[in-house]
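Results of the structural survey
Here are the chains, one letter per residue:
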Amino acid sequence: MFNENSPSLGIIRETRSHWERRTPIVPDHVRKLVELGIQVYVQPSKLRIFSDEAYEEAGAILTEDLSVCGTILGVKQVSVSSLLPQRTFCMFSHTIKAQPENMPLLDAVLERKVRLIDYEAIVEVSQDASEGKLPGKRLVAFGRFAGLAGTITFLRGLGERLLALRYNTAFLHMGSAYMYPDLETAKDAVKRVGRMIEERGLPKELCPFIFAVTGNGRVSQGVQEILTLLPCMKVNVDELSTLSSSSVTEDMRRRIYYCVVTTEHMVTPIDSNVVFSKSDYYRNPSNYRPIFHEKVAPYVSVIIHGSYWDMSFCRLLTDSQLQSIVILQSQQRKKRLIGICDITCDYEGAIESLKKFTSIERPFYVYDTMNKDCLDDLSSLPEWGILFHATDNLPAELAKESSEHFSNSLLPFLPKLASHMPTNITELRYEDLPLELQRACIATNGKLTPHFSYISRLREIHEAKPNESQRFHRQVLLKGHLFDSRAINEALDIIEEEHCSFEILRWSIGQTRNMPSTLLLRLDANSEEHAEWVMKKLENVSGKNSNILEEASQSTLQVRDVYETRNSTNSKVLVLGSGRVAAPLIDYLADKEGYELTIASNEPQAAVKIARNRANIRTMLLTMEDMNVVKELIENHDVVVSLLPSQFHANVARLCVEIRKHFVTASYVSPEIQKLDQVARERNVMLVNEVGLDPGIDHMLAHKLIARVRSLNGEIVSFHSWCGGLPAPHCAHSNPFRYKFSWSPKGVLIASQADAKFREDGKLIQVAGKYLMTSARPVRSDVFPDVSLPLEVLPNRDSTQYIEEYQIPEAETVLRGTLRYAGFCEVMDGCMAVGLLETTKNDFLLQCVMENADRQHLREEARSLIASHWKHGRKLFEDQSVERQISSFQEDKAMEALEWLGLFDGELCQLLKVTESPVDALATILEKYLTLGGDEQDAVLMLVQVQYRLRNSHTLHTWTATLSEVGDMHWNSEAYKYTAMARTVGITCAMAVKLVTEKKISASGVIRPSPQLLSEPILSWLTKEGISIRYSET
């Protein structure tokens, strides 16, 4: 018989969600506690996974009144009205980050002198003094159950999504995890699905069906526990490329494949001489680049993400990477990547495309990779859509097993907790708790405990208004054991002592010794000197605090960016990117008065090299991972220049419109940017595009020539615009391609397969990308008399769109073309003919990699393939009445190139044996041998020509503008030395920035070069910069 002085525990009813059916103590453990003389009181619940009767049978007392209990346990946050004074409450309180929605609960805890223990903070504690009692793994962790439930439920989603895509699969017979009474029943369902796969197989088009599972922790183990119930084969990451492109056998249809993706498959050192080290990556993530999007994502059907990630790490998969994979697979007519199950539920985190959480009752949506939208209809977007599952309370779906694990984890601590009796009026000391619970005790006796005293500071930050008087901002990343070591308190003390304010931009709390916490904050100071002083004090703390640092050499405080908002009349220009184009752009503006420049780049060393310690240039480390950081940076500048890869332009432009800042880029206007035109006009924002070489100078010259014809009341008969970036002639003789690469060879190889369309003699000519090279035409030697090598021109994508843009509907011929040295197209067509520009090996290439192949026979077959491909391409043009003399040396040139590459018995042949994709193998060889060296020069050639006649006249006139530039030697090592491409693009773009800052553009919205805007002043300035354009008329 128990009385009110007996040790006791209470179990409170869950009220936060009807899906929360878990319990912190299961009936079996209640029975054990009762046998130890501990009375357990349970609030009745019709939702709890174990019935009230089961608790009564175990010896518990069912009661609404828990006031007799000194310690009360729940799962999720309790209501404020349920919080009894001077009791110990255990729960997931969600107050550790000072979450505003849970601060009323914390206020009540403090007011009622409750001792609050948060399960999230209960971790193993080392007793080894040499380890400083640092925390180990979490003791109340549900990772395995999240992995189990997430995988079970996602199999259901796969069945429904594939059915919507018109595939009937065994997955359709799966339900969500909560639909089964227990885990064993759910596993039986998975096994039944497995038997159906073995018997019927999966659709051939979907096979091999491959799951990629990230991480090797509890979540991953739970995922694998389910996948291995299916007929499966585990493969290595290095086998994915070969496996995904294999011919599908019946055996492959009757199983699934899975691989475990660990950190070395997600990132690789930027320095190729450095050996991968997981611990080094955790300490120095900026020294690594992502590779998951290259090595894993393109080859798998499903990604199940369950590995640790924080904001300083490389993303597993960015929006643009996912989009590129989906586009490529659509072009190849392969439905490879079907779905992503993100068990970590980190919003726009490791998987940037996670832009919406799902719920247990609505567990799936389709992500639109093109428009970044989330669609509930699972039949949406069969080509572009990716199935997503991201539910953040997955363990609740396996309520029985999760509760048993919960109860097992807490059982060792329950007798001590039961000793607290409400009749005892002594203070509730957190020091009286076991060490594991001390670290998890957030508050007691009306005060926050030392480990969590930082919460009050964070609340002040959330609730305070920004200090507008402090105009110098600096972003700082703190990383390490910030919370369990009290380092965060020391850092906040310093900031408060220095009368600075700050704002938390993002943070994550690590859960083990190997998973540090990260906190990104914006420090607001009165001056640059003041901020520097505060930073030094913070760095001193990090240097001496062994609880923060994993190694003495590692600083937990890393400056993410530095910039100052000053009351000056100077134009503040933000340049995003530090590639080759950045140097001439920066030099042009920096050498003029009135500019303050910031170079923001993910390659800070390159930015510093460009800045060269000039007083009006600042540099900063910036990635595009956190758009809140990018937004704040844009706010402090007048004009933003995006020299980033094209996939980033639209997001940057969107922020510029939102904040009312002008935007400039040399790239083409994308559909996404065009959509911003109307709102940009309304906000009086300029979105200036196409101000480089091509596009850019070509537009300006076209408008100039066409305008002159119109001034003479003439009509355009033909229009040609050609441009080429090439090696200087004396640098092109060393290889059969007559070419050198100053950017990614693969990009050039892919572009060489693009379809083309143009108008010729009033007829529409269409060129399939596969035969683009056969459409090349010779260029007369007198067009570029200073160029010693013969040239040829091939059509460049869709020329017909410029009929409207240039307003030349009467033109019988309109052709925009790409210039190359003669021989390039013959060689590239030869590569195309034998399959080197494909992503999978054809029969010919499969023969090439065979050890016992007849090499002479292969050479003869290659020559035959080249001749056949060339003749077929020529016939297509003859059918369209396109004339061109066929070169008799074409086959020899192509064969010479294939020998040079080593296709038959050399380096390329060996590389093809270990590389599944031929185009990747070819790109690797070309990058190795044909990259433009620092002691070599490049060249830029451009021709814009209009042929016209005057009204009522049959006489044809021709007006031609040509540009020929050769780059500098030592362009990669000396100041004011540039490649010709970088110079013509960068300086032109800089001139557009100058026009924007000087308010010389009387327009807003999306802007391109036109007769009224940009063209005349920039063409005039280019001449003064030594970029000469020759005009001739015949």
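Everything in this summary refers to the structure shown in the same document.

Calculation criteria
- Residues numbered from 1 in each chain as written.
- Predicted model: local features only at pLDDT ≥ 70, side-chain atom pairs only at ≥ 80, totals over all residues.
- Heavy atoms only, no water.
- Helix = DSSP H or I, 4+ residues; strand = E, 2+ residues; numbered from the N terminus.
- Contact = heavy atoms within 4.5 Å.
- Areas by Shrake-Rupley, 256 points an atom, 1.4 Å probe, with all protein chains shown as cover.
- Expected span 1.5 Å × (residues − 1).
- Buried < 20%, exposed > 50% of the residue type's maximum accessible area, 1.4 Å probe, protein only.
- Pairing = 2+ DSSP bridges.
- Salt bridge = Lys/Arg side-chain N within 4 Å of Asp/Glu carboxyl O.
- Axes fitted to C-alpha atoms, helices over the stretch in contact; angles between N-to-C directions.
- Parallel < 35°, antiparallel > 145°, perpendicular 65-115°, else oblique.
- Left-handed = near helix turned anticlockwise from the far one by under 90°.
- Nonpolar A, V, L, I, M, F, W, Y, C, P; charged D, E, K, R; others polar.
- Core = buried A, V, L, I, M, F, W, Y, C linked by side-chain atoms within 4.5 Å.
- Polar contact = N/O pair within 3.5 Å; in protein donor to acceptor, adjacent residues only side chain to side chain.

Let's talk about the overall build of the protein chain
- Each helix and strand in the protein chain was counted, giving 34 helices and 40 strands.
- Expressed as a percentage of contacts within the protein chain between residues at least 6 apart in sequence, the contacts between residues at least 24 apart total 72%.
- Taken as a whole, the protein chain presents about 42,800 Å² of accessible surface, with 48% of it coming from carbon and sulfur.

What to know about helix α33 (residues 980–997)
- Relative to the 26 Å expected for 18 residues at 1.5 Å per residue, α33 spans 26 Å between its end C-alpha atoms, a close match to the ideal helical length.
- Taking burial as the measure, the 18 residues of α33 include 17 buried ones, the bulk of the element.
- Residue K999 follows α33 closely and has a positive phi angle near 55 degrees.

Some words on the pairing of strand β15 (residues 339–342)
- Burial along β15 is two-sided: G339 and C341 facing one way and I340 and D342 facing the other are all buried.
- Here 4 bridges tie strand β14 (residues 302–305) to β15, and the two strands are oriented parallel to one another. Paired with I303 across the two strands is I340, which belongs to β15.
- In this sheet, strand β18 (residues 385–389) lies alongside β15 in parallel orientation, the contact comprising 3 bridges. Bridge pairing links I340 to F388 in β18.

Some remarks on the pattern of salt bridges
- Under the criterion given, the structure shown has 47 salt bridges.
- Put simply, D432 and R429 hold a salt bridge, and the shortest N to O gap is 3.4 Å.
- You can call R429 partly exposed: its relative accessible area is 40%.
- Of the charged contacts in the structure, one is a salt bridge between R708 and E1033, with a shortest N-O distance of 3.4 Å. Residue R708 is located in helix α24 (residues 697–711), and its partner E1033 is located in strand β40 (residues 1029–1033); the two are separated by 325 residues in the primary sequence.

Focus: the sheet that holds strand β16 (residues 365–368)
- Taken in spatial order, the 8 strands of this open sheet run β10-β11-β9-β14-β15-β18-β16-β17, and their pairing is mixed. Unpaired on one side and paired on the other, β10 (232–234) and β17 (373–375) mark the two borders of the sheet. Across the sheet, the mean angle separating the axes of adjacent strands is 25 degrees when strand polarity is ignored.
- Sheet topology note: the β10/strand β11 (residues 256–261) ladder contains 3 bridges and is parallel. When the bridges of β11 are listed, C232 appears paired with I256.
- Contacts from helix α4 (residues 143–164) reach β9 (210–214), β14, β15, β16 and β18 within the one sheet, and its direction differs from that of β18 by about 150 degrees.

Details of the packing of α4 against helix α5 (residues 183–200)
- Close contact between α4 and α5 brings their axes to 11 Å; oriented N to C, the two are set at 40 degrees. The pairing of α4 with α5 is recorded here as oblique in orientation. The handedness of the crossing between α4 and α5 is left-handed. For the pair α4 and α5, contact is made by R144, L148, I152 and L155 and by L183, A186 and V190, respectively.
- For the contact of α4 with α5, the class distribution of residues is 6 nonpolar, no polar and 1 charged.

Looking at the pairing of strand β19 (residues 441–444)
- The pairing of strand β6 (residues 115–118) with β19 spans 2 bridges and is antiparallel. Note that in β19 the partner of L116 across the bridge is A443.
- Relative to strand β20 (residues 447–448), β19 runs antiparallel, the two sharing 2 bridges. Counted as the bridge partner of A443 is L448 from β20.
- Two successive antiparallel strands, β19 and β20, enclose a turn made up of 2 residues, where N445 displays a positive phi of approximately 55 degrees.

Some words on the nonpolar core
- Core analysis: the largest hydrophobic core is formed by 108 residues, its most contacted members being L158, F171, F209 and F211.
- Considering every element that reaches this core, the biggest residue donor is α4, with 9 residues.
- Once residues within four sequence positions are removed from consideration, F209 is found in contact with L158, L162, F171, L202, I256, Y257, S301, V302 and I338.
- Counting 69 residues, the second-largest nonpolar core is a separate cluster that includes V639, A666, A990 and I1001.

Some points on the side chain of N651
- Take N651: it is sitting in helix α21 (residues 649–659).
- Side-chain polar atoms of N651 contact the side chain of R654, separated by 2.6 Å.
- Discounting residues that sit within four places of it in the chain, N651 has contacts with K372 and M627.

Here's the deal with the environment of R87
- Assignment of secondary structure puts R87 in the loop between β4 (71–73) and β5 (88–91).
- Residue classification places R87 among the buried positions, given a relative accessible area of 12%.

What about the packing of helix α31 (residues 907–914) against helix α32 (residues 918–929)?
- It is at 9 Å that the axes of α31 and α32 come closest, and there the two elements cross at 135 degrees. Classified by the interaxial angle, the pair formed by α31 and α32 is oblique. Remark: the crossing between α31 and α32 carries right-handed chirality. Residue-level contacts link E907, L908, L911 and L912 of α31 to P918, A921, L922, T924, I925, K928 and Y929 of α32.
- Of the residues that constitute the contact of α31 with α32, the class distribution is 8 nonpolar, 1 polar and 2 charged.

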